[in-house]
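Observations on the model geometry
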Amino acid sequence: MLNITLPDGNKLNFKQKVTGIQIAEKISKSLLKEALVMSVNGNLKDLTYEIEKDSSVKIFTSKDNEGLETIRHDTAHILAMAVQELFPGTQVTIGPTIENGFYYDFSRKEPFTESDLIKIEKKMAEIVDRDEPTTREVWDREKAISHFKKIGEKYKSEIIKDIPKGEEVSIYFHGKWHDLCRGPHLTSTGKIGKNFKLTKVAGAYWRGNSNNEMLQRIYGTSWPSKKELDQHLKRIEEAEKRDHRKLGKEMDLFHFREESPGAVFWHEKGWNLFQKLISYMRNRQDEAGYKEINTPEILDKSLWEKSGHWEKFGVNMYTSETPDEKVFAIKPMNCPGCVQVFNQGLKSYRDLPLKMSEFGKVHRYEPSGALHGLLRVRAFTQDDAHIFCTEDQITQECVSVTNLILDIYKDLGFENIILKYSDRPDQRVGEDHIWDKAESALLEAIRSTKLEYSINKGEGAFYGPKIEYVLKDAIGRDWQCGTLQVDLNLPQRLGASYVEKDGSKKVPVMLHRALFGSLERFIGILIEHYSGKLPFWISPLQTIVIPVSNDFDGYAKEVYNKIKKTGITCEVDLKNHNLNYKIREHSLLKIPILLICGKKEVDSNTVTIRRLDSNKQENMDLDKFLEKFSALSKVPSK
RNA sequence: GCCCUUGUAGCUCAGCUGGUAGAGCAAUUGAUUUGUAAUCAAUAGGUCCGCGGUUCGAAUCCGUGCGGGGGCACCA
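Please read these numbers as outputs of a predicted model, since none were measured by experiment.

What counts and how
Residues numbered from 1 in each chain as written. Chains lettered and ligands numbered in written order. Predicted model: local features only at pLDDT ≥ 70, side-chain atom pairs only at ≥ 80, totals over all residues. Heavy atoms only, no water. Helix = DSSP H or I, 4+ residues; strand = E, 2+ residues; numbered from the N terminus. Buried < 20%, exposed > 50% of the residue type's maximum accessible area, 1.4 Å probe, protein only. Contact = heavy atoms within 4.5 Å. Areas by Shrake-Rupley, 256 points an atom, 1.4 Å probe, with all protein chains shown as cover. Lys, Arg positive; Asp, Glu negative; His and termini not counted. Charge placed at Lys NZ, Arg CZ, Asp CG, Glu CD. Domains from an automatic or database assignment. Pairing = 2+ DSSP bridges. Axes fitted to C-alpha atoms, helices over the stretch in contact; angles between N-to-C directions. Left-handed = near helix turned anticlockwise from the far one by under 90°. Nonpolar A, V, L, I, M, F, W, Y, C, P; charged D, E, K, R; others polar. Core = buried A, V, L, I, M, F, W, Y, C linked by side-chain atoms within 4.5 Å. Near = heavy atom within 4 Å. Polar contact = N/O pair within 3.5 Å; in protein donor to acceptor, adjacent residues only side chain to side chain.

Broken down by element type, chain A carries 20 helices and 35 strands. Its C-alpha atoms give chain A principal-axis dimensions of roughly 85 × 75 × 60 Å. The burial tally for chain A puts 50% of its 638 residues in the buried class. Across chain A, contacts joining residues at least 24 apart in sequence account for 67% of those joining residues at least 6 apart. With an accessible surface of roughly 31500 Å², chain A has 48% of that area assigned to carbon and sulfur atoms. Side chains of chain A give 96 positive and 94 negative charges; the mean places of these two sets differ by 2 Å.

Under the domain assignment used here, chain A contains domain 1 (2–60), domain 2 (66–239), domain 3 (261–295 + 334–529) and domain 4 (543–632). For domain 2 and domain 3, the distance between their C-alpha centres works out to 43 Å.

Taken in spatial order, the 3 strands line up as S19-S21-S20 in an open sheet, and their pairing is antiparallel. The outermost strands of the open sheet, each flanked by one partner alone, are strand S19 (298–300) and strand S20 (319–321). Neighbour to neighbour, the strand axes of the sheet diverge by 35 degrees on average, direction disregarded. Note that S20 and strand S21 (residues 327–330) share 3 bridges and pair antiparallel. When the bridges of S21 are listed, Ser320 appears paired with Phe328.

It is at 12 Å that the axes of helix H9 (residues 268–287) and helix H13 (residues 394–411) come closest, and there the two elements cross at 145 degrees. Crossing of H9 against H13: the hand is right-handed. On H13, the residues that touch Tyr280, Met281 and Arg284 of H9 are Leu404, Asp407, Ile408 and Asp411. Tallied by class, the residues present in the contact of H9 with H13 amount to 4 nonpolar, no polar and 3 charged.

In terms of nonpolar packing, the biggest core is built from 67 residues, with Tyr409, Leu412 and Phe522 touching the most fellow members. Among the elements that line this core, the one with the most residues is H13, at 9 residues. Residues contacting Leu412, with those up to four places away along its chain left out, are Leu277, Tyr280, Phe516, Phe522, Leu526, Tyr530, Trp537 and Ile538.

Near RNA strand B, the surroundings consist of 52 residues, among which Tyr205, Asn550, Asn576, Tyr581 and Arg584 are the closest. The sugar-phosphate portion of RNA strand B accounts for 50% of its atoms within 4 Å of the protein, the bases making up the rest. Here Ser368 contributes a side-chain N or O atom positioned 2.8 Å from a phosphate oxygen of RNA strand B. Glu601 places a side-chain nitrogen or oxygen 2.6 Å from a base nitrogen of RNA strand B. Elements represented by at least two residues in the surface near RNA strand B include exactly strand S14 (196–205), strand S15 (214–222), helix H8 (244–250), helix H18 (579–588), helix H19 (599–604) and strand S34 (606–611). Per element, the largest residue contribution to the surface near RNA strand B is 7 residues, and it comes from H18. In terms of residue class, the surface near RNA strand B is made up of 19 nonpolar, 18 polar and 15 charged.

Structure representation (structure tokens):
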């Protein structure tokens, strides 16, 4: 007798060993049809796995994550199968599932092209139609290694060597084709269905190491139904529509050009947005007791040597040589400059905590392949600040930085924040009792928020632990923006000190913090979060006055002039186009408020408001509009 | 940096196997005077990314450089 316990607590009895298929069959016909894989005492197994002892079993369908992942994993196998049928001599390596899909890495001299993908997809469909049964065999390790070597699959034999000693070496067969794999898999190639699509080819290093050979990676996605596949493709399309590079061009915010890859040419409107963010931040930091400073962009190499940047990050630094052959470095970070401001003049414990903020433009020579619109650039402006404090003040300062960050994110429409905490790495500077203090200060700051947080053990900087503030955007993507780091190293290196109560000199603790991180990057995120439809107060061009016809140009100009005086950004559109045309044009450019002026408005000294994405019309006295909207256009402050 | 891919008018793109460029939108001009998402017409607009090569002839083929895109690696 064999007892199988189901997730609902019910037990099934079998006379002898039993497979998942038999269990599913006994539960219901429909489950038999939908069953994909199962777990036996918590371990995922093929449905054909024979259970010999009393066990608890759960059967998964495509509605379960386990089922969906198995579909994707099988699709990856079938991809590899199709590739080897079409392109003999191609070596297979690994093919895991990833978010929304899978990939498979191949080694082959000739590159795969986009048209190959279509061929491969067809072949995959063929394999699905062949509905070849999947079987699993356990091989002797040495046999497996020599087998894969013999058939020219050197990567597979390498993988086997790395399988931990106690583990089985399992080989999966789909018909005649076979692959080393941990499994589990579906019972036959027909089970995956045809709701898959190969999406792209890309290079990828063997084992993720840039010293290794570069393989060819084929990405794909696979779903239980056509509907879900289509929905997924639709989501990708929607995400492309909010791409800040596309919107930035359309909305005339900025552009990039060859002369300075990775550096932004800000246009009038983009710069207006940039300045609004800065002015907002100035208000908030002023209220929070920060003093704004500014330090040179170019500093003598010797400072960077002293700070340690030259040694550690020199490869990413731009340098500049003067006609008299002095070497200066263009700052990749603001901290050394800020410490020098601290160092100027004598500081007392009474001056602490001293919070110095700086909108500092930094340059980092990022690898060319890393550049990506505003999100990864070589020249950017940090909303940086350095807080010099005593050890006892760390906690209080960390809490207040965290509160400020969360508050600012909220003002900008991000309510969903995750925190990441990284503590001491093995290689570090500073005494352990200060690390203790720094770490508990950061943890206390985190706990005070009651937000979700993750701990990255040993991931802190060599000079101190850190918090990273990650926000989720409108379509659920994570963006790491703010950061708070305790620095137990730099003040000492650069000789910072303050006079203690007892007259002795002491090295202050320094906190580095950035709220948005990079203004450029944050603007990119903002654009994507809002699909370009920025909130009124931050929108670079807030209103456009549109006369219904040329007859009302005079009134429209009058309205425009009055609006301009309030500080609302405004244009008047006197072009020879009809009203519909102008509404369409400015709506596409995401102008939040259009003001229509015709006979009715002239007669009553009003304007008609048309808000973006709404065709409701709201008529308002001009004076009332000016009062109401100039208040709304002010940057928020506490 | 590495792999693949790509670079044509202000923008979006067409231009098959080599015969010195084309559309829509935008711009300009004119007509129209419009009440809530594209009025009509005419005109003008191009070192086909740079450099080199093959060829009688190159936007097209080859090499190389630079830039963009998708990944990988990187991200203090």
